[in-house]
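Residue-level structural notes
For reference, the chains in residue letters:
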Amino acid sequence: MAATVEGVEIDTRHWIGGRRVDSADRFQSISPIDETPIADVASAGSAEIEQAAAAAQTAFKTWGRTGREERARLLHKIADGVEANIERLAVVETRDNGSLLRSHRRGVMPRVAHNFRFFADWLLQLDHPDFDTRGHRNHVSWDPAGVAAIITPWNAPLMLGTWRIAPALASGCTVVYKPPEWAPLTASLLADITAEAGLPDGVFNVVQGLGKTAGAALTRHPKVRRISFTGSVPTAKTIAAAAAENLVPLSFELGGKSPFIVFADTDLDLAVSTAVGQYDNAGQVCLAGTRILVEESIRAKFLAAFTEKAQAIRQGDPRDETIDIGPQISRPHFQRIDGFVRRAKEAGLQPVLGGGPNAKLGGLYYQPTLFLDPPENAEILREEVFGPVLCLQSFRTEEQAIAMANDTEYGLAGVVMTGDEERAKRVSAQINAGLVWNNCFFVRDLRQPFGGNGKSGIGREGGTWSFDFYCDVKASIFSP
Ligand code: NAD
């Protein structure tokens, strides 16, 4: 079963044990750009999951004992393959998930290759120096845990997938990857790249399918020793319940409702352009600062500049290099976003920007929207919309800004815009989040821990944190 998307041929069957495997069931991948079906994809049930888990467990017997240098070498070969295929991956990903082609070409796909290179290099210097206890030598080792199940969403499919796959493989785990059903295609291309790189059969497996069938069967499977999940809170709860049965360690990267705090001493142009950047990827970014908190004394000035800049956002076909934001991922997601906006309007809030579908473009294009001063219990202020919908409120004091920022069940990220370095340190230290940017946004270094507090997740990945998760870390003590 194959599809040709933007001139790229894709085998849309599963990749299990080093060969293509089909299913009787299919699902369609529908392009958000024009809502046309672009591929029929194999849809797994528990039999295919069983096959993949068995293949991964068999491969683990060898891969788990393969030396670090060889694992690192193969990960670099995969990175070479990604780099050689950046254009093909970029055009397919854009057609499949509607994110900007220019960012796939120049940002996202190079980062996919970097995910493999970074964890390959980190593996080679992963070390905990031996230490002495009353003449006994203490040694720490990172032993791979076994089969890792990796499940990710559609908003940055290959980037989010490989952010988990690369450290799992580097650790010596074997992987069963279930890509998102709303953007499944680049995972199939990645399977080809890993095969061409010479990764042994069964080390990396892709099982396509729906969350409630393939995803559910994978997370329940007794051979799985780690579950790494990126996605929504309701799904995370279902997976946590499934994992409880087998007592499997979990890593969860979930949603957010992050604060974006603007103090009066900020560089206004920088604050405005960074704030408007929260509409990037049509608002489908877990880290987005969707609650803009502005110091009252500059509110009018900020709002005027923000509105002007946001109105200049060019929305349209994400394959056009001059476009700033594309469509929402799917009709159900579009309707979900519109439901939030409608209910906010019914509750008496009037958007000062946008507030509905983009009638000129039609399809899945939704206008960048801004609500002012929702009451503190308003749904639009408390729930993650995952679309181009922001709220703006104001504050008078630093303490009030911090209290408002922390008034959420989430704790993924935060942004602080201020010209005062001491204030930046003071405020970011008090924000309840896994990651705080000061006078910047989206600067990422894979050496940093990544993850969220509260409803935003469980655990951290990045650098050694990733290896800690995918390994059973062992202490060995040697007598003198
Ligand atoms: P989702 O939870 O609906 O789906 C995510 C993945 O889980 C998909 O692959 C889906 O097939 C699978 N899934 C669904 N039900 C399942 C089940 N019962 N068992 C096993 N797997 C199942 O999330 P979504 O709507 O696709 O993604 C958006 C969410 O992801 C947002 O909340 C967003 O904030 C979050 N997200 C978080 C991060 C992060 O790093 N923290 C990054 C990107 C997206």
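Residues numbered from 1 in each chain as written. Predicted model: local features only at pLDDT ≥ 70, side-chain atom pairs only at ≥ 80, totals over all residues.

1. Considering the site of the ligand
Quick reminder of the rule: Each residue gets a C-beta atom placed from its backbone. Should that atom fall within 6 Å of a molecule or strand, the residue is termed near it. Helix and strand definitions follow DSSP, with helices as H or I runs of at least four residues and strands as E runs of at least two, each counted in order from the N terminus. By the convention adopted, Pro, Cys, Tyr, Trp, Phe, Met, Ile, Leu, Val and Ala count as nonpolar, Lys, Arg, Asp and Glu as charged, and the other residues, Gly among them, as polar.
Looking at the ligand, there are 30 residues lining it, with Pro153, Gly211, Gly215, Gly231 and Thr235 nearest. Among the elements of the structure, helix 7 (211-220) and helix 8 (233-246) are those that each provide at least two residues to the shell around the ligand. In terms of residue count, helix 7 provides more of the shell around the ligand than any other element does, five residues in total. Of the residues in the shell around the ligand, the class split is 11 nonpolar, 14 polar and five charged.

2. Concerning the environment of asparagine 406
Applicable threshold: The contact criterion used here is simple: two residues whose C-beta atoms, placed from the backbone, lie within 7 Å are in contact.
Among the secondary structure elements, asparagine 406 is positioned in the loop between helix 13 (398-405) and strand 18 (413-417). For the pair formed by asparagine 406 and asparagine 432, sequence separation is 26 residues and the distance between their alpha carbons is 6.0 Å. Residues within four places of asparagine 406 in sequence aside, it is in contact with Ile431 and Asn432.

3. A closer look at the sheet that holds strand 7 (residues 131-133)
Cut-off, in case you're wondering: Two strands qualify as a pair provided DSSP detects at least 2 bridges between them. Note on geometry: axes are lines fitted to C-alpha atoms, helical ones only across the stretch in contact, with angles between N-to-C directions running from 0 to 180 degrees.
Judged by pairing direction, the sheet is antiparallel, and its three strands sit side by side in the order 7-8-21 without closing on themselves. With one partner strand each, in any of the chains shown, strand 7 and strand 21 (471-478) form the two edges of the open sheet. In this sheet, adjacent strand axes meet at a mean angle of 35° when their direction is disregarded. The strands touched by helix 15 (residues 463-470) within the sheet are strand 8 (136-144) and strand 21, with strand 21 carrying the most contacts at an inclination of about 85°.

4. A closer look at the sheet that holds strand 19 (residues 435-438)
Strand order in this open sheet of six strands is 16-17-15-14-18-19, and the pairing throughout is parallel. Each edge of the open sheet is held by one strand with a lone partner, namely strand 16 (369-372) and strand 19. Ignoring strand direction, the axes of neighbouring strands in this sheet form an average angle of 20°. Where strand 16 lies against strand 17 (residues 389-395), four bridges are found, and the strand directions are parallel. Within strand 17, the position partnered with threonine 369 by the bridge is valine 389. Of the strands in this sheet, strand 14 (259-262), strand 15 (291-295), strand 17 and strand 18 are in contact with helix 13, which crosses strand 17 at around 150°.

5. Looking at helix 10 (residues 299-311)
This is how it is decided: Expected helix span is computed as 1.5 Å times (number of residues minus one). Remark: C-beta atoms are placed from the backbone, and a residue is labelled buried if 20 or more other C-beta atoms sit within 10 Å of its own, exposed if 12 or fewer do, or partly exposed between those counts. Taking the helix axis as origin, the arc is that swept by the directions to the C-beta atoms.
Here helix 10 spans 18 Å end to end across 13 residues, near enough to the 18 Å set by a 1.5 Å rise per residue. Within the sequence span of helix 10, burial applies to Phe302, Phe306 and Ala310. Buried residues of helix 10, seen end-on, are gathered within an arc of 50° and therefore sit on one face of the element. Projecting away from the buried face of helix 10 at angles above 90 degrees are the exposed residues Ala300, Ala304, Glu308 and Gln311. The inward-facing, buried residues of helix 10 abut strand 14, helix 9 (268-276), strand 15 and strand 16.

6. Description of the pairing of strand 12 (residues 224-230)
Put simply, the test is: Assignment of crossover handedness uses the view with strands pointing away from the viewer, where a clockwise path from the first strand over the helix to the second indicates a right-handed crossover.
For strand 12, a buried count of seven out of seven residues is recorded, marking the element as mostly surrounded by other parts of the structure. Note that strand 9 (residues 147-151) and strand 12 share five bridges and pair parallel. Looking across to strand 12, one finds that isoleucine 151 is bridged to phenylalanine 229. Where the polypeptide runs from strand 12 across helix 8 and back to strand 13 (residues 250-253), its parallel neighbour, the crossover connection is right-handed.

7. Comments concerning the UniProt feature "active site" (unreviewed entry) in the chain
Definition in use: UniProt positions are given in the numbering used here, feature names are shortened, and annotations may be inferred rather than shown by experiment.
Mapped onto the present numbering, the UniProt feature "active site" (unreviewed entry) falls on Glu253. Dropping the residues within four chain positions of it, glutamate 253 is found in contact with Thr230, Gly451, Gly452 and Gly457.

8. What about the environment of glycine 326?
Mapped onto the secondary structure, glycine 326 falls in the loop between helix 10 and helix 11 (331-346). Excluding its chain neighbours within four sequence positions, the residues that come into contact with glycine 326 are Gly98, Ser99, Leu100, Ala282 and Pro318.

9. Some remarks on unusual backbone geometry
Of note, phenylalanine 386 is a non-glycine position whose phi angle comes to about 60°, a positive value. If you trace the backbone, phenylalanine 386 turns up in the loop between helix 12 (379-382) and strand 17. Of note in the backbone geometry, asparagine 439 takes a positive phi value of approximately 60° without being a glycine. Relative to the assigned elements, asparagine 439 resides in the loop between strand 19 and strand 20 (457-458).

10. A few points about the nonpolar core
In globular proteins that are soluble, nonpolar side chains generally tend to be buried together. Note the cut-off: Connectivity within a nonpolar core runs through C-beta atoms within 7 Å, and the core itself is a set of buried Ala, Val, Leu, Ile, Met, Phe, Trp, Tyr and Cys residues.
Grouped together as the largest cluster of nonpolar side chains are 94 residues, with contacts concentrated most on Leu75, Leu169, Val175 and Val176. With sequence-adjacent residues up to four places away left out, leucine 169 is seen in contact with Arg71, Leu75, Val175, Val203 and Phe204. If you look at the next biggest cluster of nonpolar residues, it comprises 58 residues, including Cys286, Ile337, Ala413 and Ile431.

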